[in-house]
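Inside the fold
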Amino acid sequence: MPSRFLDAFSAHPQQQLKHPDFTSLHELPDSYAWNQRDDPSPETFATESVPLVDLNDPNALQGIGHACKTWGIFQVTNHGISTSLLDMVEHTCRSLFSLPVHQKLKAARSPDGVSGYGFARISSFFSKLMWSEGFTIVGPPDEHFRQLWPQDFSYHCDVIKEYKEEMKKLAGRLMWLMLGSLGIIAKEDIKWAGPKTDFKEALAALQLNYYPACPDPDRAMGLAPHTDSTLLTILYQNSTSGLQVFKEGAGWVAVPPVPGGLVINVGDLMHILSNGSYQSVLHRAMVNRSHHRLSSAYLFGPPSTVEISPHPKLVGPTHPPLYRPVTWNEYLHTKAKHFNKALSSVRV
Ligand SMILES: C=C1C[C@]23C[C@H]1CC[C@H]2[C@@]12CCC[C@@](C)(C(=O)O1)[C@H]2[C@@H]3C(=O)O
Ligand SMILES: O=C(O)CCC(=O)C(=O)O
Ligand SMILES: [Fe+2]
């Protein structure tokens, strides 16, 4: 992984927070009690639901285009990722987060680093703590995994490496479907997709999330509302629901787990590339009183020094570019500094 990608975080070191042992908390400490009025809108019982696309369906391209324009998120089935691989990833997550706190802290994310165990990067923008633990993987997981599991780290490394390879292939396929729906179909149109149009040089981060069962779920927040700074994100969630997305006019809408399904969401860079056609979706994770929840997000983006700008095919006299060119590295810097105002700060 080129160091430039990591630079984004060294400029904005994250304050080290103390990790609790969630299992020892039988009441919600005040530091975890969120004021629900912080929400962009009160909770509503939405009648709409996030689109579901079967990737084997000949109309998948249209379905995806429509979902990206209206929702910025959809679920997919028949995506080609085997259930056994998803089960193995879930098992690795479970094994990781159930390690004793002192063991997990051996692989703690350093204040200016990106990989390792800790609170979500966005924590510093909120006065309350989130009811979750995270583990971020950028580049090979070996070093951190050796610290976590001195005996069987190589098994877990293999699982994560295979998962990242499979996710990269799926992300490439989804990129062409999303772009195709905007009329961007030729490989010359996206030069950095590489000679085999397989996005081989693309970068990605893997974020493993664990949301323990919570004694007071209505006042807690698993992961605060945010958009991803990616082109697209592929999210696997276990059978416990918790993910919600914000939709204009509908409020917060739950994204229930679909057996064997994956959640795909549009990130900020795709919003820029599509010149605003595709929405990067605001989402959050809620917690549950009796069940813990696991999720893994594959955060997919371009090579760190490639400039992303509104695609020339989508720009014209009546459609001026809405954003200036920005590299992923630069955008992550902006996000680390301005958080939810990052997108508007690159608007022309
Ligand atoms: C490549 C990425 C994308 C990051 C930063 C870096 C590594 C970890 C990602 C996340 C994962 C959790 C939500 C988020 C908002 C966070 O706090 O860390 C993401 C953030 C972003 O999408 O901006
Ligand atoms: O756990 C979830 O459902 C959401 C995770 C997420 O948004 C992220 O890791 O970026
Ligand atoms: Fe996210």
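An unreviewed UniProt entry lists the protein under the name gibberellin 3beta-dioxygenase, from Gossypium tomentosum. Entered under Cofactor (unreviewed entry) in the UniProt record, the comment concerning the protein runs "L-ascorbate". What UniProt states about the protein under its Sequence similarities (unreviewed entry) heading is, verbatim, "Belongs to the iron/ascorbate-dependent oxidoreductase family. GA3OX subfamily."

The N-to-C vectors of helix 3 (residues 83-97) and helix 6 (residues 153-180) enclose an angle of 135°; their axes lie 10 Å apart at closest approach. Considering their axes alone, helix 3 and helix 6 lie oblique with respect to each other. Considering how the two elements wind past one another, helix 3 and helix 6 form a crossing that is left-handed. Taken together, the residues of helix 6 that come into contact with helix 3 (itself represented by Leu85, Leu86, Met88, Val89, His91, Thr92 and Ser95) are Tyr155, His156, Val159, Ile160, Glu162, Tyr163 and Glu166. Among the residues forming the contact of helix 3 with helix 6, the class breakdown is eight nonpolar, four polar and two charged.

On to the confidence of the model for the protein. Across the protein, the average pLDDT comes to 91, with 91% of residues at 70 or higher. Interface confidence for the predicted complex, expressed as ipTM, amounts to 0.99; the pTM equals 0.95.

With that out of the way, let us pick up the site of ligand 2. Neighbouring ligand 2 are 13 residues, the closest being Asn209, Tyr211, His283, Arg293 and Ser295. For ligand 2, an oxygen atom lies 2.7 Å from a polar atom in the side chain of tyrosine 211. For ligand 2, an oxygen atom lies 3.0 Å from a polar atom in the side chain of histidine 283. In isolation ligand 2 has 300 Å² of accessible area, and contact with the protein removes 95% of it.

Before going further, it helps to spend a moment on the state of the cysteines. With the rule as written, the count across this model stands at zero disulfides. Among the cysteines around cysteine 157, which has no disulfide bond, cysteine 93 carries the closest sulfur, lying 14 Å off.

What follows is about empty space enclosed by the protein. The full count for this structure, using the stated rule, is two cavities of 30 Å³ or more. Considered as a void within the structure, the second largest cavity measures approximately 40 Å³ in volume. Lining the second largest cavity we find Gly118, Phe119, Ala120, Ser132, Glu133, Gly134, Gln207, Asn209 and Leu223. Listed by contribution, the elements that provide at least two residues to the lining of the second largest cavity are strand 4 (133-137) and strand 5 (203-211).

This paragraph deals with the nonpolar core. Core analysis: the largest hydrophobic core is formed by 75 residues, its most contacted members being Phe74, Phe135, Phe145 and Ile234. Among the elements that line this core, the one with the most residues is helix 6, at 14 residues. Excluding anything up to four places from it in sequence, phenylalanine 135 contacts Leu96, Phe97, Ala107, Gly116, Tyr117, His144, Phe145, Leu148, Leu206, Gln207 and Leu208. Residues Phe22, Ala120, Met221 and Ala224 belong to the second largest nonpolar core, which totals 20 residues.

Mapped onto the present numbering, the UniProt feature "domain: Fe2OG dioxygenase" (unreviewed entry) falls at residues 201-302. Helix makes up 6% of residues 201-302 and strand 44%, and the two end C-alpha atoms of the span are 8 Å apart.

Let us now look at the site of ligand 1. Of all residues adjacent to ligand 1, which total 15 residues, the nearest are Arg121, Ile122, Gln207, Asp228 and Ser229. Here arginine 121 contributes a backbone N or O atom positioned 3.2 Å from an oxygen atom of ligand 1. With respect to ligand 1, the side chain of serine 229 contributes an N or O atom lying 2.4 Å from an oxygen atom. Put simply, the parts of the chain that give the shell around ligand 1 at least two residues each are helix 1 (3-10), strand 5 and helix 8 (328-338). By residue number, the principal contributor to the shell around ligand 1 is helix 8, which donates three residues. Taken together, the residues of the shell around ligand 1 break down into eight nonpolar, four polar and three charged.

Moving on to the layout of surface pockets. Here the second largest pocket is characterised by a volume of approximately 440 Å³. Lys164, Glu165, Lys168, Lys200 and Tyr298 are, among the 18 residues lining the second largest pocket, the residues nearest its centre. For the lining of the second largest pocket, the elements supplying multiple residues, two or more each, are helix 6 and strand 5. Of the residues in the lining of the second largest pocket, the class split is seven nonpolar, three polar and eight charged.

This part is about the coordination of the iron ion (ligand 3). Those protein atoms acting as donors to the iron ion (ligand 3) are His226 (NE2), Asp228 (OD) and His283 (NE2), and they sit at 2.1 to 2.3 Å. Along the chain, the residues donating to the iron ion (ligand 3) are arranged with the sequence spacing H-x1-D-x54-H. Placement of histidine 226 in strand 6 (residues 223-226) and of histidine 283 in strand 11 (residues 283-285) is noted, with a sequence separation of 57 residues between them. Under the relative-accessibility criterion, histidine 226 is labelled buried at 9%.

Rules used throughout
- Residues numbered from 1 in each chain as written.
- Chains lettered and ligands numbered in written order.
- Predicted model: local features only at pLDDT ≥ 70, side-chain atom pairs only at ≥ 80, totals over all residues.
- Heavy atoms only, no water.
- UniProt positions renumbered as here; feature names shortened; annotations may be inferred.
- Axes fitted to C-alpha atoms, helices over the stretch in contact; angles between N-to-C directions.
- Helix = DSSP H or I, 4+ residues; strand = E, 2+ residues; numbered from the N terminus.
- Parallel < 35°, antiparallel > 145°, perpendicular 65-115°, else oblique.
- Left-handed = near helix turned anticlockwise from the far one by under 90°.
- Contact = heavy atoms within 4.5 Å.
- Nonpolar A, V, L, I, M, F, W, Y, C, P; charged D, E, K, R; others polar.
- pLDDT = per-residue confidence, 0-100.
- Near = heavy atom within 4 Å.
- Polar contact = N/O pair within 3.5 Å; in protein donor to acceptor, adjacent residues only side chain to side chain.
- Areas by Shrake-Rupley, 256 points an atom, 1.4 Å probe, with all protein chains shown as cover.
- Disulfide = S-S within 2.5 Å.
- 1 Å grid on protein atoms, 1.4 Å probe; cavity = no way out; pocket = protein on both sides within 12 Å on 5 of 7 lines; lining within 4 Å.
- Points joined across faces, edges and corners; volume = space filled by probe spheres on them.
- Core = buried A, V, L, I, M, F, W, Y, C linked by side-chain atoms within 4.5 Å.
- Buried < 20%, exposed > 50% of the residue type's maximum accessible area, 1.4 Å probe, protein only.
- Donors = N, O, S within 2.8 Å, 3.2 Å for Na, K, Ca; no water.

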